[in-house]
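Coordinates in review
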Amino acid sequence: MSGTPAPTPAPTSALAPGQTPARRPTATPAATTAPRGAPRRRRRRAGPPLVTLAGLLTLCYLVLPNLVVLLFSFNKPDGRFNYTWRRFSADAWTDPCSVAGLCDSLALSLRIAAWATLGATVLGTAAAFALARHRFRGRPGVNALVFLPMAMPEVVMAASLLTLFLNLGVRLGFWTVLLAHITFCLSFVVTAVKARILSMDPRLEEAARDLYAGPVRTFLRVTLPIAAPGIAAGALLAFALSFDDFVITNFTAGSAVTFPMYVWGSVQRGTPVQVNVIGSAMFAVAVAAVAAGQLVGRHRRARADRRAGTPKSWHEVAS
Amino acid sequence: MSATKVSGSEVRAPEIPGGDTNAPEVSADRARPGAPTRRGALPYVLLLPAVLWLLVLFLVPMVYQASTSLQTGSLEEGFEVTWHVRTYADAFGAYWPQFARSLLYAGSATLLCLVLGYPLAYLIAVKAGRWRHTLLVLVVAPFFTSFLIRTLAWKAILADGGTVVALLDRLHVLDVTGALGWTEGNRLLATPLAVVCGLTYSFLPFMILPLYASLDRVDVRLHEAARDLYASAPAVFRRVTLPLSLPGIVSGTLLTFIPASGDYINAELLGSTDTRMAGNVIQSQFLRVLDYPTAAALSFLLMAVVLLLVTVYIRRAGTEDLVR
């Protein structure tokens, strides 16, 4: 599972046999006599599962490192390096903060990510509304200015920020990292929020205004609630990007040690098992949050359906 | 649910390069009746903070970087702008192999991402049915563990004498890759293959999500119509599915290639001194050697090369799209 040619069939050959050979169409008319829903199922099952197999192999490739991280969080390595399996131990899980500096770096990362998210979300949401809702001079220029930071390798942006700080004689540390993080998160927030606003039906706002809501009230009661998922997505993205960022932090941190910086620094002297514990815990918390969100969403939908008197399967049909 | 929403908006982001020229214009027209009076100052007030921020912390740094690249001097005596353009020639002369390697590795990783990611995106968008959400979560989930920790996990997976190496050795795969110059002896770590696999792994979700978004929008009835018109399965894929997923392919390849070309983490953790990429050189010049003019020149060169390639690519992809 190292991405060698083994699991990599060319897309054409993978998808081609995924459907059925040419004689298939003759069978299609026959399917119309079958009960409803049958043709679709037949078609899906008819193809050999090559596409499915290739897709699942890719999924394994994606998830494998997380499983390895989890596995090695229970390892008790002989030396300093945690790359080969020795024996089972839950020591690291019972005391994740026992390694000097690890939890401090985690706290610093969370602090920076929280402030960066706040800054980028406020600035980005305002800009997104202006870009999506108004026409003004210089709009293409602003669009380009927002887009460019995402269109170049991270290391270039990191290097340019470092030259700025060096030339101005700013001391590197918490503040330079925060400024840098807000800068690169900003574009992502603008893009996420703008996409949401643009996909919004303007007639909803017209309706609100026709019903004598003022501009402020229309904004607060109609526009903002509809845009909220976009803003939330942008904020979440900003948090994730900032928390996990290494390259830009590497250039602008000076002696400040965020969690990724800690991991990077520990590679030479041997990464402690506790790093795997924290990685696995983050994974578990996030997956649990997603699962809980799904359950709540399903529950809420089911309740709404019951109230509306629609059959439960209606949403499944619609989606 | 929330995770898929995140991915959804994240997916929409990359389409700006291709679609930005007309999409916002159209939607602005559509949006205008929604905002009835054009209060002249409001957009500027809303924009001002963000634009100022980006000017000061994105454009001005670029200018500083340009000026730094034209300076000469030393750390002790200070640097001065002397319009020493030769720095660029010297830097490129000294480090062109790393640049070539960057483009080669990033290109290979992008191609691998496409080949690996397409079936999965297709599976999720077309075939997964009620498993769709679960699969999407599984694609996004690895993000939740720190990028560096996951790359280190590859170090354990590909470790010398590990299961993977032993298996590939027994299957004689390592002989083949060794003959191609991708690996050396019977190890995977510290070889070009390991770096490319690491890059592929790192940026695979950036390929899958846009592909998924564009495949998801393809009307299944188009497939059925093509089948009813006696198109063979390969023909349906080539003439219907593939062209319709082209926007996803363009944004996916961009989202993979751009970050991969500047990456230095995979080359540092999974590679050796023979697999150093442009990012590694820039990083070490800036943070270890402290030769700022050379470092700034290299960074500028990387930006120029990537922007040039991306522009050409978007142009070509755009026209191809129109021709079809």
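As a starting point, this report considers the structure included with it. (Residues numbered from 1 in each chain as written. Chains lettered and ligands numbered in written order. Predicted model: local features only at pLDDT ≥ 70, side-chain atom pairs only at ≥ 80, totals over all residues. Heavy atoms only, no water.)

Here we look at the state of the cysteines
Inclusion rule: Throughout, a disulfide means two cysteine sulfur atoms within 2.5 Å of one another.
If you walk through the whole model with that rule in mind, you get one disulfide over all chains. Shown here is the disulfide that connects cysteine 97 of chain A with cysteine 103 of chain A, its sulfur atoms set 1.8 Å apart. Handedness here is read from the sign of the S-S torsion; for cysteine 97 of chain A and cysteine 103 of chain A, about -90°, the answer is left-handed. Here cysteine 197 of chain B stays unpaired: no disulfide links it, and the sulfur of cysteine 113 of chain B, its closest cysteine neighbor, is 10 Å away.

A short note on the pattern of salt bridges
Residues and elements named next belong to chain A. To keep things clear, this is the line we draw: By definition here, a salt bridge exists when the distance from a side-chain nitrogen of Lys or Arg to a carboxyl oxygen of Asp or Glu is within 4 Å. The helix and strand labels rest on DSSP assignments: H or I over at least four residues marks a helix, E over at least two residues marks a strand, and numbering proceeds from the N terminus. Accessible area is worked out with a 1.4 Å probe on protein chains only. A residue is then buried under 20% of its type maximum, exposed over 50%, and partly exposed in between.
In the structure shown here, the tally under the stated rule is nine salt bridges over all chains. With a shortest N-O distance of 2.8 Å, glutamate 205 and arginine 133 are connected by a salt bridge. Here arginine 133 lies in helix α6 (residues 102–133) and glutamate 205 lies in helix α10 (residues 202–210), a separation of 72 residues in the sequence. A relative accessible area of 9% means that arginine 133 is categorised as buried. Each of the salt bridges in this network shares a partner with another, and the network as a whole consists of Asp78, Arg86 and Arg87.

A closer look at the interface of chain A and chain B
Bring the parts together and some accessible area is lost; that lost area is often taken as the interface size. Rule in force here: Any two residues having at least one pair of non-hydrogen atoms within 4.5 Å are treated as being in contact. A simple way to read buried area is as the amount of 1.4 Å-probe accessible surface that goes missing from two parts once joined, with both sides added. By the criterion applied in these results, polar contacts are pairs of N or O atoms within 3.5 Å in which, for protein atoms, one can donate a hydrogen and the other can accept it, and in which residues neighboring in sequence qualify only through two side-chain atoms. Charged means Asp, Glu, Lys or Arg here, nonpolar means Ala, Val, Leu, Ile, Met, Phe, Trp, Tyr, Cys or Pro, and polar covers whatever is left, Gly included.
In this assembly, 112 residues from chain A lie in contact with 115 residues from chain B. If you sort the residues of chain A by the area they bury against chain B, Tyr61, Leu62 and Arg135 of chain A come out on top, with a joint share of 7%. The tally of links from chain A across to chain B stands at zero salt bridges. Counting every contact that joins chain A to chain B gives eleven residue pairs in polar contact (both at pLDDT 80 or more). For the side of chain A that touches chain B, a count of residues per class yields 75 nonpolar, 25 polar and twelve charged.

Considering the packing of helix α8 (residues 154–168) of chain A against helix α4 (residues 42–69) of chain B
How two helices pack is summed up by the angle between their axes together with the distance between the axes. Put simply, the test is: Orientation is described by axes fitted as lines to C-alpha atoms, over the contacting stretch for helices, and by angles from 0 to 180 degrees between their N-to-C directions. These descriptions rest on fixed angle ranges, namely under 35 degrees for roughly parallel, over 145 for roughly antiparallel, 65 to 115 for roughly perpendicular, and the rest for oblique.
Orientation of α8 of chain A relative to α4 of chain B, taken along the N-to-C sense of each, is 80°, at an axis distance of 8 Å. Considering their axes alone, α8 of chain A and α4 of chain B lie roughly perpendicular with respect to each other. Contact residues: α8 of chain A offers Val156, Met157, Ala159, Ser160, Leu161, Thr163, Leu164, Phe165, Asn167 and Leu168 of chain A, while α4 of chain B offers Val56, Leu57, Phe58, Val60, Pro61, Met62, Tyr64, Gln65 and Thr68 of chain B. Tallied by class, the residues present in the contact of α8 of chain A with α4 of chain B amount to 14 nonpolar, five polar and no charged.

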